[in-house]
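Examination of the molecular architecture
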Amino acid sequence: TNYDANHEVPQHLFQWVGFDNFIDLFSSQSKLGATFWRVLLWTLIWAVLATFTNYFGGMILAMFINKKGIKLKKLYRTLFVATIAVPQFVSLLIMSKMLDNDGILGSMFQDIFGSKLNFGVEVNATRVCIVLVNMWIGVPYSMLMCSGILMNIPAELYESARIDGASNVRRFFKITLPYMLFVTGPYLITQFIGNINNFNVIFLLSGGGPGD
(Lines give C-alpha, C1' and ligand atoms only; values in the text may rest on other atoms or scores of the structure.)
Protein backbone atom coordinates (compact mmCIF):
# COMPACT_ATOMS: atom_id res chain seq x y z
CA THR A 1 0.00 0.00 0.00
CA ASN A 2 0.96 3.66 -0.16
CA TYR A 3 -0.06 4.38 3.43
CA ASP A 4 1.87 7.31 4.96
CA ALA A 5 1.37 10.42 7.09
CA ASN A 6 -0.50 12.14 4.25
CA HIS A 7 -3.33 9.58 4.30
CA GLU A 8 -5.35 10.79 7.25
CA VAL A 9 -8.86 10.69 5.83
CA PRO A 10 -10.47 7.35 6.84
CA GLN A 11 -12.13 6.73 3.48
CA HIS A 12 -8.83 7.32 1.66
CA LEU A 13 -6.49 5.72 4.19
CA PHE A 14 -4.38 3.99 1.55
CA GLN A 15 -4.33 2.58 -1.95
CA TRP A 16 -2.93 -0.66 -3.29
CA VAL A 17 0.25 0.03 -5.28
CA GLY A 18 1.53 -3.48 -5.95
CA PHE A 19 5.32 -3.68 -6.10
CA ASP A 20 5.94 0.08 -6.39
CA ASN A 21 7.44 0.27 -2.89
CA PHE A 22 9.94 -2.50 -3.68
CA ILE A 23 10.86 -0.81 -6.95
CA ASP A 24 11.57 2.39 -5.00
CA LEU A 25 13.56 0.41 -2.44
CA PHE A 26 15.96 -0.98 -5.04
CA SER A 27 16.17 2.26 -7.00
CA SER A 28 19.10 4.55 -6.23
CA GLN A 29 17.10 7.49 -7.61
CA SER A 30 14.41 7.34 -4.91
CA LYS A 31 14.85 8.79 -1.43
CA LEU A 32 13.58 5.56 0.11
CA GLY A 33 16.21 3.46 -1.67
CA ALA A 34 19.11 5.82 -0.96
CA THR A 35 18.18 6.06 2.73
CA PHE A 36 17.50 2.35 3.21
CA TRP A 37 20.81 1.08 1.80
CA ARG A 38 22.83 3.73 3.63
CA VAL A 39 21.18 2.84 6.92
CA LEU A 40 21.50 -0.90 6.24
CA LEU A 41 25.24 -0.57 5.53
CA TRP A 42 25.87 1.34 8.77
CA THR A 43 23.71 -1.13 10.72
CA LEU A 44 25.84 -4.07 9.54
CA ILE A 45 29.10 -2.19 10.22
CA TRP A 46 27.82 -1.25 13.67
CA ALA A 47 26.82 -4.86 14.44
CA VAL A 48 30.27 -6.17 13.49
CA LEU A 49 32.14 -3.45 15.42
CA ALA A 50 29.90 -3.67 18.50
CA THR A 51 30.18 -7.47 18.62
CA PHE A 52 33.90 -7.92 18.13
CA THR A 53 35.15 -4.88 20.07
CA ASN A 54 33.25 -6.10 23.12
CA TYR A 55 34.30 -9.70 22.59
CA PHE A 56 38.02 -9.15 22.09
CA GLY A 57 38.09 -6.27 24.59
CA GLY A 58 36.63 -8.54 27.25
CA MET A 59 38.96 -11.37 26.28
CA ILE A 60 42.08 -9.20 26.50
CA LEU A 61 40.94 -7.76 29.82
CA ALA A 62 40.22 -11.23 31.21
CA MET A 63 43.65 -12.49 30.08
CA PHE A 64 45.33 -9.52 31.75
CA ILE A 65 43.50 -9.98 35.05
CA ASN A 66 44.02 -13.77 35.09
CA LYS A 67 47.71 -13.49 34.28
CA LYS A 68 50.03 -14.91 36.91
CA GLY A 69 51.69 -12.26 39.03
CA ILE A 70 48.86 -9.74 38.76
CA LYS A 71 47.82 -8.62 42.23
CA LEU A 72 44.43 -7.34 43.40
CA LYS A 73 42.57 -9.41 40.81
CA LYS A 74 39.32 -9.35 42.78
CA LEU A 75 39.48 -5.56 43.03
CA TYR A 76 39.94 -5.16 39.27
CA ARG A 77 37.02 -7.49 38.56
CA THR A 78 34.84 -5.59 41.02
CA LEU A 79 35.66 -2.22 39.45
CA PHE A 80 34.76 -3.38 35.96
CA VAL A 81 31.67 -5.29 37.05
CA ALA A 82 30.45 -2.18 38.91
CA THR A 83 29.51 -0.68 35.54
CA ILE A 84 26.98 -3.50 35.10
CA ALA A 85 25.22 -2.51 38.34
CA VAL A 86 24.24 0.86 36.83
CA PRO A 87 21.12 0.60 34.59
CA GLN A 88 22.11 0.85 30.96
CA PHE A 89 19.76 3.69 30.08
CA VAL A 90 21.16 5.77 32.95
CA SER A 91 24.75 5.26 31.76
CA LEU A 92 23.80 6.12 28.19
CA LEU A 93 21.92 9.31 29.08
CA ILE A 94 24.79 10.49 31.29
CA MET A 95 27.37 9.70 28.61
CA SER A 96 25.36 11.60 26.00
CA LYS A 97 25.60 14.73 28.16
CA MET A 98 29.29 14.19 28.91
CA LEU A 99 30.15 13.79 25.21
CA ASP A 100 28.40 17.01 24.24
CA ASN A 101 30.72 19.88 23.29
CA ASP A 102 29.80 21.55 26.59
CA GLY A 103 30.12 18.31 28.56
CA ILE A 104 33.15 17.22 30.56
CA LEU A 105 34.45 14.75 27.96
CA GLY A 106 33.75 17.15 25.07
CA SER A 107 35.58 19.95 26.88
CA MET A 108 38.55 17.68 27.69
CA PHE A 109 38.77 16.64 24.05
CA GLN A 110 38.84 20.26 22.94
CA ASP A 111 41.52 21.16 25.53
CA ILE A 112 43.75 18.24 24.51
CA PHE A 113 43.33 18.24 20.72
CA GLY A 114 42.34 21.86 20.15
CA SER A 115 39.16 21.01 18.25
CA LYS A 116 35.59 20.14 19.15
CA LEU A 117 34.48 16.53 19.48
CA ASN A 118 31.30 17.31 17.52
CA PHE A 119 29.40 14.40 19.03
CA GLY A 120 25.87 14.46 17.64
CA VAL A 121 26.95 16.92 14.95
CA GLU A 122 29.52 15.12 12.78
CA VAL A 123 28.55 11.63 11.60
CA ASN A 124 31.88 9.78 11.89
CA ALA A 125 32.75 11.31 15.27
CA THR A 126 29.35 10.28 16.60
CA ARG A 127 29.74 6.73 15.32
CA VAL A 128 33.19 6.34 16.92
CA CYS A 129 31.86 7.63 20.25
CA ILE A 130 28.90 5.23 20.10
CA VAL A 131 31.21 2.24 19.55
CA LEU A 132 33.47 3.31 22.44
CA VAL A 133 30.55 3.84 24.83
CA ASN A 134 29.15 0.46 23.82
CA MET A 135 32.51 -1.07 24.79
CA TRP A 136 32.26 0.60 28.20
CA ILE A 137 28.90 -1.09 28.69
CA GLY A 138 29.56 -4.47 27.08
CA VAL A 139 33.21 -5.33 27.83
CA PRO A 140 32.56 -6.24 31.52
CA TYR A 141 30.04 -8.90 30.45
CA SER A 142 32.53 -10.39 28.00
CA MET A 143 35.29 -10.21 30.63
CA LEU A 144 33.26 -12.28 33.09
CA MET A 145 32.40 -14.88 30.46
CA CYS A 146 35.97 -15.11 29.15
CA SER A 147 37.41 -15.33 32.67
CA GLY A 148 35.41 -18.46 33.36
CA ILE A 149 36.43 -20.05 30.06
CA LEU A 150 40.12 -19.18 30.49
CA MET A 151 40.17 -20.91 33.87
CA ASN A 152 38.94 -24.11 32.21
CA ILE A 153 41.65 -24.28 29.54
CA PRO A 154 44.03 -27.09 30.64
CA ALA A 155 47.28 -25.63 31.92
CA GLU A 156 49.12 -28.62 30.40
CA LEU A 157 48.45 -27.24 26.92
CA TYR A 158 50.29 -24.01 27.70
CA GLU A 159 53.08 -25.87 29.46
CA SER A 160 53.63 -28.17 26.49
CA ALA A 161 53.60 -25.24 24.07
CA ARG A 162 56.08 -23.36 26.27
CA ILE A 163 58.42 -26.35 26.32
CA ASP A 164 58.19 -26.57 22.53
CA GLY A 165 59.31 -22.94 22.32
CA ALA A 166 55.99 -21.33 21.32
CA SER A 167 55.85 -17.58 21.92
CA ASN A 168 53.03 -15.84 23.81
CA VAL A 169 51.48 -14.72 20.52
CA ARG A 170 51.63 -18.21 19.05
CA ARG A 171 50.10 -19.73 22.20
CA PHE A 172 47.26 -17.24 21.97
CA PHE A 173 46.43 -18.00 18.33
CA LYS A 174 46.94 -21.76 18.60
CA ILE A 175 45.42 -22.49 22.01
CA THR A 176 43.50 -19.63 23.62
CA LEU A 177 41.64 -18.16 20.63
CA PRO A 178 40.51 -21.49 19.06
CA TYR A 179 39.30 -22.72 22.44
CA MET A 180 37.43 -19.47 23.11
CA LEU A 181 35.82 -19.38 19.67
CA PHE A 182 34.74 -23.02 19.96
CA VAL A 183 32.99 -22.40 23.28
CA THR A 184 31.60 -18.93 22.56
CA GLY A 185 30.49 -19.43 18.94
CA PRO A 186 26.75 -19.41 19.78
CA TYR A 187 27.29 -16.36 22.01
CA LEU A 188 28.91 -14.42 19.17
CA ILE A 189 26.04 -15.22 16.81
CA THR A 190 23.50 -14.15 19.42
CA GLN A 191 25.41 -10.93 20.13
CA PHE A 192 25.68 -10.09 16.44
CA ILE A 193 21.94 -10.50 15.92
CA GLY A 194 21.25 -8.57 19.12
CA ASN A 195 23.44 -5.67 17.99
CA ILE A 196 21.57 -5.43 14.70
CA ASN A 197 18.46 -4.82 16.81
CA ASN A 198 20.25 -2.72 19.44
CA PHE A 199 18.02 0.34 19.62
CA ASN A 200 18.91 1.64 23.08
CA VAL A 201 22.59 2.47 22.64
CA ILE A 202 22.24 4.56 19.49
CA PHE A 203 18.94 6.27 20.29
CA LEU A 204 19.74 7.19 23.90
CA LEU A 205 23.18 8.49 22.97
CA SER A 206 22.53 10.45 19.78
CA GLY A 207 18.80 10.22 19.17
CA GLY A 208 19.53 8.39 15.90
CA GLY A 209 21.37 11.39 14.45
CA PRO A 210 23.11 13.20 13.03
CA GLY A 211 21.84 12.99 9.47
CA ASP A 212 18.54 13.24 7.66
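Remember, it's a predicted structure, so these values are computed and weren't measured experimentally.

Each value, and the rule that gives it
Residues numbered from 1 in each chain as written. Predicted model: local features only at pLDDT ≥ 70, side-chain atom pairs only at ≥ 80, totals over all residues. Heavy atoms only, no water. Salt bridge = Lys/Arg side-chain N within 4 Å of Asp/Glu carboxyl O. Helix = DSSP H or I, 4+ residues; strand = E, 2+ residues; numbered from the N terminus. Buried < 20%, exposed > 50% of the residue type's maximum accessible area, 1.4 Å probe, protein only. Contact = heavy atoms within 4.5 Å. 1 Å grid on protein atoms, 1.4 Å probe; cavity = no way out; pocket = protein on both sides within 12 Å on 5 of 7 lines; lining within 4 Å. Points joined across faces, edges and corners; volume = space filled by probe spheres on them. Nonpolar A, V, L, I, M, F, W, Y, C, P; charged D, E, K, R; others polar. Axes fitted to C-alpha atoms, helices over the stretch in contact; angles between N-to-C directions. Parallel < 35°, antiparallel > 145°, perpendicular 65-115°, else oblique.

Opposite charge on two side chains allows them to pair when their charged atoms are near. In the structure shown here, the tally under the stated rule is 1 salt bridge. For E159, the salt bridge is made with R162, and the minimal N-O distance between the two is 2.9 Å. With a gap of 3 residues between them, E159 and R162 both fall in helix α7 (residues 155-163), about one helical turn apart. Exposure remark for E159: the relative accessible area of 41% places this residue in the partly exposed category.

Considering the arrangement of structural elements, one finds S206 in helix α9 (residues 199-206). In this structure the C-alpha to C-alpha distance between S206 and F119, which are 87 residues apart in sequence, comes to 8.0 Å. When neighbours within four sequence positions are excluded, S206 is seen to be in contact with F119, T126 and I130.

Of the pockets and cavities examined, the largest pocket occupies roughly 760 Å³. Along its surface, the largest pocket is lined by 17 residues, and N66, K67, K68, Y158 and R162 are the ones closest to its centre. Listed by contribution, the elements that provide at least two residues to the lining of the largest pocket are α2 (31-66), α6 (123-152), α7 and α8 (168-196). Of the residues assigned to the lining of the largest pocket, the class counts are 9 nonpolar, 3 polar and 5 charged. There is about 450 Å³ of room inside the second largest pocket.

Axis angle and axis distance: for two packed helices, these are the angle between their axes and the distance between the axes, and together they describe the pair. At their nearest, the axes of α2 and helix α3 (residues 73-85) sit 9 Å apart, and the two run at 155° to each other. When the axis of α2 is compared with that of α3, the two are roughly antiparallel. Across the interface between the two elements, L61, I65 and N66 from α2 touch K73, Y76, R77 and F80 from α3.

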